[in-house]
Amino acid sequence: MSKAGVPLALTGHMIHLEYHVTSPWKCMAYCLVEVTCESFTYLSQDNTCELNNRTGTSSKQGLRERPGTEYYERMNLHR
């Protein structure tokens, strides 16, 4: 998720940092395994993945511009 191509990241809600992550897809897999993960930020320059326990819309701090990042929110699909 980004706004008009602006690299974003959520600050203040990281619950886990994973190293040596080579793609946002792998970062997503880590988030799906972690029950408390609601969003994640992939940092391509560092090959790291930040798992968050909040989303940009649920956080008072919200999203901030951060070069070299890709931010995604986990979707819960209920039937």
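Residues numbered from 1 in each chain as written. Predicted model: local features only at pLDDT ≥ 70, side-chain atom pairs only at ≥ 80, totals over all residues. Heavy atoms only, no water.

S.K.: Can you walk me through the packing of aromatic side chains in this structure?
M.R.: For any two aromatic rings, the description comes down to two numbers: the centre-to-centre distance and the angle of the planes. Per the counting criterion, the structure on display carries one aromatic pair. For the ring pair Phe40 and Tyr72, a centre distance of 5.1 Å and an interplane angle of 25° mean the geometry is stacked. With Phe40 in strand S3 (residues 39–43) and Tyr72 in strand S6 (residues 69–73), the pair connects residues that are 32 residues apart, well separated along the chain. (Phe/Tyr/Trp six-rings, centres within 6.5 Å; stacked < 30°, edge-to-face > 60°. Helix = DSSP H or I, 4+ residues; strand = E, 2+ residues; numbered from the N terminus.)

S.K.: What exactly am I supposed to notice about the nonpolar core here?
M.R.: As a rule of thumb, nonpolar side chains are buried together in soluble globular proteins. Listed in full, the eight residues of the largest apolar core are Val21, Cys27, Cys31, Cys37, Phe40, Tyr42, Cys49 and Leu51. Elements with a minimum of two residues in this core: helix H1 (24–33), S3 and strand S4 (48–52). (Core = buried A, V, L, I, M, F, W, Y, C linked by side-chain atoms within 4.5 Å. Buried < 20%, exposed > 50% of the residue type's maximum accessible area, 1.4 Å probe, protein only.)

S.K.: For this particular structure, what's the right way to read H1?
M.R.: Every α-helix winds through 3.6 residues per turn, so residues three or four apart in the chain are directed the same way. Every buried residue of H1 is accounted for by Pro24, Cys27 and Cys31. Considered in projection along H1, the buried side chains sweep an arc of 55° and stay on one side of the axis. More than 90 degrees from the buried face of H1, the exposed residues found are Trp25 and Val33. Buried positions along H1 lie against S3, S4 and S6. (Arc of directions from axis to C-beta. Contact = heavy atoms within 4.5 Å.)

S.K.: Even after reading the chapter, I still don't get the sheet that holds S6, so can you show me in this structure?
M.R.: In any sheet, the strands associate via hydrogen bonds between backbone groups, in a parallel or an antiparallel arrangement. Read from one edge of the open sheet, four strands run S2-S4-S3-S6, paired in antiparallel fashion. Each edge of the sheet is formed by a strand with only one pairing partner; in this case those strands are strand S2 (14–18) and S6. Sheet twist, expressed as the average angle between the axes of neighbouring strands with direction ignored, equals 15°. The sheet strands contacting H1 are S2, S3, S4 and S6, and the helix crosses S3 at an angle near 150°. (Pairing = 2+ DSSP bridges. Axes fitted to C-alpha atoms, helices over the stretch in contact; angles between N-to-C directions.)

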